[in-house]
Amino acid sequence: MTARTTTDPVDPAAPRPHTGPAPLLTHQALLYDGDEAFLSSTVPFCLDGLDADDAVLAVTTEANIALLRQALDDAAREVEFVDAKDWYRTPGHTLGEYHRYVDRHTAHGRHRRVRVIGEPVWHGRDALEMFEWTRYESAVNLAFAGCPAWVVCPYDTRTLPEDVVAGARRTHPELVEGEPARTSEHYAAPADRHDSWRRPLEPVPADGEPTVTDFGTDLSALRAFVTRAAGTLGVHGEQARRLVFAVNEVATNALRHGGGRGQVTLRRSGHRVVCDVTDPGDLPGPDWYLGYLPPDAGQRDGHGLWAVRQLCDLVEVDAVPGRTTVRLHLDLPPSSAPGR
Amino acid sequence: MIAYDTGERAVHEAGHGDHLCLTFTDDAEQRRVVTAYLLGGLRRGERVMYFADRNEPEQVLDWLRRAGTDPAPALADGRLTVTTADDSYLAEGPFDPDAMVAALHQEVADSLRAGHTGFRVSGEMGWALRDTPGAERLGEYETKVNEVFAGRPASAICQYDARHFDPAALHDFDRRHSGSVEQEPLYSSSTLRLVPSFRDGQPSLRVIGEVDHHCAPALAGALEGALDRPGDIVVDMSGLQFIDLAGVRALVRTAERLPAGRHLHVVDLEPMLGHVLHVVGWDQVPTLTVTVREVPA
């Protein structure tokens, strides 16, 4: 364990010019089976980071935050702690938050690198969410490929289902199980030639008849349709405005790339409203992680799906020759009932 | 048409009961509104009065001629009066709001008794910027005079030149009226209108209706024009019903082109759209400020 050698408080607002090339992404899964194993990796990770003047963020369970704070002692003041429950809300939102965090801390040379402890939340997720959160972990490898970030994702092997831990081995290029970190032999890159992460859309078990409409270039009519249909399914207010905005963006893309027409299907499925926007076009590239990659600031396009992923609870993109579908999921508030 | 009531009225829709404020920044805009308002009154059989200040009465009559109407017959039989404030209500001494309101009441009554269908009056208010005795009571007058028009077959347009009145005064006078005259839209379609306006006495662009892939270029064009004028750009979103990312991008790109020291203020934006700006990172543009409005859940 490395001890902090300096007692000077680090002023996070003070710009510190750094020289030399910034290190690129390191993305590791920490498979731990107890407090000792958790701390023996995360404590030096934080302290070394502070020594190197990296920004350090720890997003983990309440219990792990308490452990880590205690173990770090004075140094804990220089680490930013966030409860994982608040941070890991939806894959799109979380990716966006990490992106903004990296941007904020590395812009203008404030820090050469950020170090993140990021422990995703798996309990209470259904099969669809588990799969998408696993894909999220895979997308991190692409989304932050060019970023000076060292991300360690703890997985508690005592409580997590076997397939979640197996997923961690496939989504992280490196594993930490004791020292030292090693290459994961099960790693499957996000865009590998086996299409490891593509998955066709599953049929949606709808409560009641789905509402379907075709659209052309008059998106005003489509927006009015979606507003009405969403209201019938229990989506109102701010959430309805998010859905209409998202559908409009996807439909605008569809008009541009999909031959000027498409179809929207809305239905309620349990506690979700599921909305498919389909067009008869072909996607030029890989599909499933569209919108997970931060758009280049100067770029004209590419912001649409990035925004849509952060406005909806889950987003799936699926393309087969001659048909592209973007599926938007919104979680209804617990009290919501159809027709309200 | 887009149904959205903001108290702004196109000049051809101005009529009985209105006491409107025209805040203008160029002579052409003043001429357009005055010409339409005076001729509209004559066409409807109303008695029409005009109090000039910076313009000569002859200039105003010339506007009517150039619009294809010879004012001579209406002047001869009393349907039209064009004079100056100095030669009429300011001639007898200090400006007196109560006397002015009483005089206008009388004019309305006389007009109706003489068989006119109504009464309309418009005045240039530039005299208030000179050392005119009683000018400090203009605000009081603008409030009191509403009773002359409310619910009666009479209307008025008071003209304030934004090149000479300061923003705080403009805002104060404007809010004392029952509404304001809408400036000529820069763009108008069945779903969107882009209207130059004044907000808190500052020039602004009102975006009314929906901005999507069809009309985002129109918004970009309107903003392009605003870039060439000095000062900050205010974009008033209180009448916005929808804007897509392309429309938001047009705002951001305009802000990015402003030189340091100038800002683009997006005001009255729906909170959800403020969130969209945040998630795409456009809230980091230093020349862009966004004010979101409270929306009931």
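What you are looking at is a predicted structure, and each value in this text was computed from that prediction instead of being measured.

Caption draft 1: Local environment of the overall build of chain B. Check the secondary structure of chain B and you find ten helices and 14 strands. The C-alpha atoms of chain B give a radius of gyration of 21 Å, which matches the 19 Å a tight globule of 297 residues would have. Referenced to the eigenvectors of the C-alpha coordinate spread, the extents of chain B come out at roughly 65 × 40 × 40 Å. The burial tally for chain B puts 54% of its 297 residues in the buried class. Once local pairs closer than 6 in sequence are excluded, the contacts in chain B between residues at least 24 apart make up 74%.

Caption draft 2: Up close: the overall build of chain A. If you tally the helices and strands in chain A, you get nine helices and twelve strands. Scored against the burial criterion, the 340 residues of chain A give a buried share of 53%. Counted over contacts in chain A with a minimum sequence separation of 6, partners at least 24 positions apart contribute 72%. If you sum the accessible surface of chain A, you get close to 15100 Å²; carbon and sulfur atoms cover 52% of it.

Caption draft 3: Here's a closer look at the UniProt feature "domain: MEDS" (unreviewed entry) in chain A. With numbering aligned to this structure, UniProt lists the feature "domain: MEDS" (unreviewed entry) at residues 26-173 of chain A. Annotated as 51% helix and 20% strand, the span residues 26-173 of chain A places its first and last C-alpha atoms 8 Å apart.

Caption draft 4: Expanded view of the nonpolar core. Judged by nonpolar contacts, the single largest core of 113 residues is most densely connected at Leu266(A), Leu328(A) and Leu264(B). A per-element tally of this core places helix 8 (residues 237-257) of chain A first, with ten residues. With residues up to four places along the chain from it excluded, the contact list for Leu328(A) reads Leu243(A), Ala246(A), Val247(A), Val273(A), Val274(A), Cys275(A), Val308(A), Cys312(A), Leu314(A) and Val315(A). Counting 31 residues, the second largest nonpolar core, distinct from the first, contains Trp127(B), Ala128(B), Tyr160(B) and Leu170(B).

Caption draft 5: Expanded view of the domain arrangement of chain B. Residues and elements named next belong to chain B. As far as domains go, chain B holds domain 1 (8-181) and domain 2 (187-292). The distance between the C-alpha centroids of domain 1 and domain 2 comes to 33 Å. Here domain 1 packs against domain 2, burying approximately 550 Å² in sum over the two surfaces, 59% of which is carbon and sulfur. A per-residue breakdown of the area domain 1 buries against domain 2 is headed by Glu8, Pro167 and His171, which together make up 66% of the total. The tally of links between domain 1 and domain 2 comes to one salt bridge. Among the salt bridges present, the one from Arg206 reaches Glu8, with a minimum N-O distance of 3.3 Å.

Caption draft 6: Structural view of the sheet that holds strand 8 (residues 207-215) of chain A. Residues and elements named next belong to chain A. The strand order across the open sheet formed by five strands is 8-9-10-12-11, and the pairing between neighbours is antiparallel. One side of each edge strand has no neighbouring strand; the edge strands of this open sheet are strand 8 and strand 11 (314-320). The average angle at which neighbouring strand axes cross in this sheet is 15 degrees, direction not considered. Sheet topology note: the strand 11/strand 12 (residues 323-331) ladder contains seven bridges and is antiparallel. Pairing of Asp318 across the sheet is with Thr325, part of strand 12. Taken strand by strand, helix 8 contacts strand 8, strand 9 (262-269), strand 10 (272-279) and strand 12, and its axis lies near 170 degrees from that of strand 12.

Caption draft 7: The arrangement of the pattern of salt bridges in detail. All names here are of chain B. Enumeration over the complete set of coordinates arrives at 52 salt bridges over all chains. With a shortest N-O distance of 2.8 Å, Glu107 and Arg47 are connected by a salt bridge. Placement of the pair is Glu107 in helix 4 (residues 97-113) and Arg47 in strand 3 (residues 46-52), with a sequence separation of 60 residues. Of the residues examined, Glu107 reaches a relative accessible area of 22% and is grouped as partly exposed.

Caption draft 8: Empty space enclosed by the protein, seen in detail. What the rule picks out here adds up to four cavities of 30 Å³ or more. Within this model, the largest cavity holds a volume of roughly 120 Å³. At the level of secondary structure, the elements contributing two or more residues to the lining of the largest cavity comprise helix 4, strand 5 (118-124) and strand 6 (154-161) of chain B. By volume, the second largest cavity is sized at about 90 Å³. Around the second largest cavity sit Tyr88(A), Tyr98(A), Val102(A), Val116(A), Gly118(A), Tyr136(A), Glu137(A), Val140(A), Phe144(A), Ala149(A), Val151(A) and Cys153(A), which together line it. Of all the secondary structure elements, the ones that give two or more residues to the lining of the second largest cavity are helix 4 (91-106), strand 4 (114-118), helix 5 (127-143) and strand 5 (149-156) of chain A. For the lining of the second largest cavity, the class distribution of residues is ten nonpolar, one polar and one charged.

Caption draft 9: View of the pairing of strand 14 (residues 288-292) of chain B. Residue and element names in this part refer to chain B. Summarising the sheet, strand 13 (residues 264-269) and strand 14 pair through four bridges and their orientation is parallel. When the bridges of strand 14 are listed, Leu264 appears paired with Leu288. Handedness of the crossover joining strand 13 and strand 14 through helix 10 (residues 271-279) is recorded here as right-handed.

Caption draft 10: Geometry of the sheet that holds strand 7 (residues 179-181) of chain B. All names here are of chain B. In space, the seven strands of this open sheet follow the order 1-7-2-6-5-3-4, with parallel pairing throughout. What marks the edges here is a single partner per strand, and that holds for strand 1 (8-9) and strand 4 (80-84). On the sheet, helix 1 (residues 27-43) packs against strand 2 (19-24), strand 3, strand 4, strand 5, strand 6 and strand 7 and is oriented at approximately 150 degrees with respect to strand 3.

Caption draft 11: Structural view of the confidence of the model for chain A. Confidence in the prediction for chain A averages 90 pLDDT; 90% of positions are at 70 or higher. Counted against residues more than four places away or in other chains, residues 1-18 of chain A, with its pLDDT under 50, gives 30 contacts.

Caption draft 12: Local environment of the packing of helix 8 of chain A against helix 10 of chain B. In contact at an axis separation of 10 Å, helix 8 of chain A and helix 10 of chain B are set at 50 degrees when each is read in the N-to-C sense. Comparing the axis directions of helix 8 of chain A and helix 10 of chain B gives the class oblique. Of the two elements, helix 8 of chain A crosses helix 10 of chain B, and the hand of that crossing is right-handed. Of the residues in helix 10 of chain B, those touching helix 8 of chain A at Glu238(A), Arg241(A), Arg242(A) and Phe245(A) are Met272(B), Leu273(B), His275(B) and Val276(B).

Caption draft 13: Expanded view of the interface of chain A and chain B. The partner chain B presents 21 residues to the 27 residues of chain A that form the contact. Between chain A and chain B the total buried area reaches about 2000 Å² when both faces are included, carbon and sulfur atoms providing 58% of it. If you sort the residues of chain A by the area they bury against chain B, Arg223(A), Arg241(A) and Phe245(A) come out on top, with a joint share of 28%. Inspection of the chain A/chain B interface yields three salt bridges. Asp212(B) is paired through a salt bridge with Arg223(A); the nearest N and O atoms lie 2.9 Å apart. Along the contact surface separating chain A from chain B lie eleven residue pairs in polar contact (both at pLDDT 80 or more).

Caption draft 14: A look at the side chain of Thr26(A). Within the fold, Thr26(A) resides in strand 1 (residues 26-32). For Thr26(A), the residues in contact, after removing those within four places along its chain, are Ala149(A), Trp150(A), Val151(A) and Glu174(A).

Caption draft 15: Region of interest: the domain arrangement of chain A. All names here are of chain A. Under the domain assignment used here, chain A contains domain 1 (26-183) and domain 2 (207-331). For domain 1 versus domain 2, the distance between C-alpha centres works out to 30 Å. At the junction of the two partners, domain 1 supplies 18 residues and domain 2 supplies 17 residues. Counting each side, the surface lost to burial between domain 1 and domain 2 is near 1600 Å², with a carbon and sulfur contribution of 64%. When residues of domain 1 are sorted by the area they lose upon contact with domain 2, Leu128, Glu132 and Arg135 head the list and together hold 30% of the total. There are three salt bridges connecting domain 1 and domain 2.

Basis of the calculations
Residues numbered from 1 in each chain as written. Chains lettered and ligands numbered in written order. Predicted model: local features only at pLDDT ≥ 70, side-chain atom pairs only at ≥ 80, totals over all residues. Heavy atoms only, no water. Helix = DSSP H or I, 4+ residues; strand = E, 2+ residues; numbered from the N terminus. Rg over C-alpha atoms; globule rule 2.2 N^0.38 Å. Buried < 20%, exposed > 50% of the residue type's maximum accessible area, 1.4 Å probe, protein only. Contact = heavy atoms within 4.5 Å. Areas by Shrake-Rupley, 256 points an atom, 1.4 Å probe, with all protein chains shown as cover. UniProt positions renumbered as here; feature names shortened; annotations may be inferred. Core = buried A, V, L, I, M, F, W, Y, C linked by side-chain atoms within 4.5 Å. Domains from an automatic or database assignment. Buried area = accessible area lost by both parts, 1.4 Å probe. Salt bridge = Lys/Arg side-chain N within 4 Å of Asp/Glu carboxyl O. Pairing = 2+ DSSP bridges. Axes fitted to C-alpha atoms, helices over the stretch in contact; angles between N-to-C directions. 1 Å grid on protein atoms, 1.4 Å probe; cavity = no way out; pocket = protein on both sides within 12 Å on 5 of 7 lines; lining within 4 Å. Points joined across faces, edges and corners; volume = space filled by probe spheres on them. Nonpolar A, V, L, I, M, F, W, Y, C, P; charged D, E, K, R; others polar. Right-handed = clockwise from strand over helix to strand, strands pointing away. pLDDT = per-residue confidence, 0-100. Parallel < 35°, antiparallel > 145°, perpendicular 65-115°, else oblique. Left-handed = near helix turned anticlockwise from the far one by under 90°. Polar contact = N/O pair within 3.5 Å; in protein donor to acceptor, adjacent residues only side chain to side chain.

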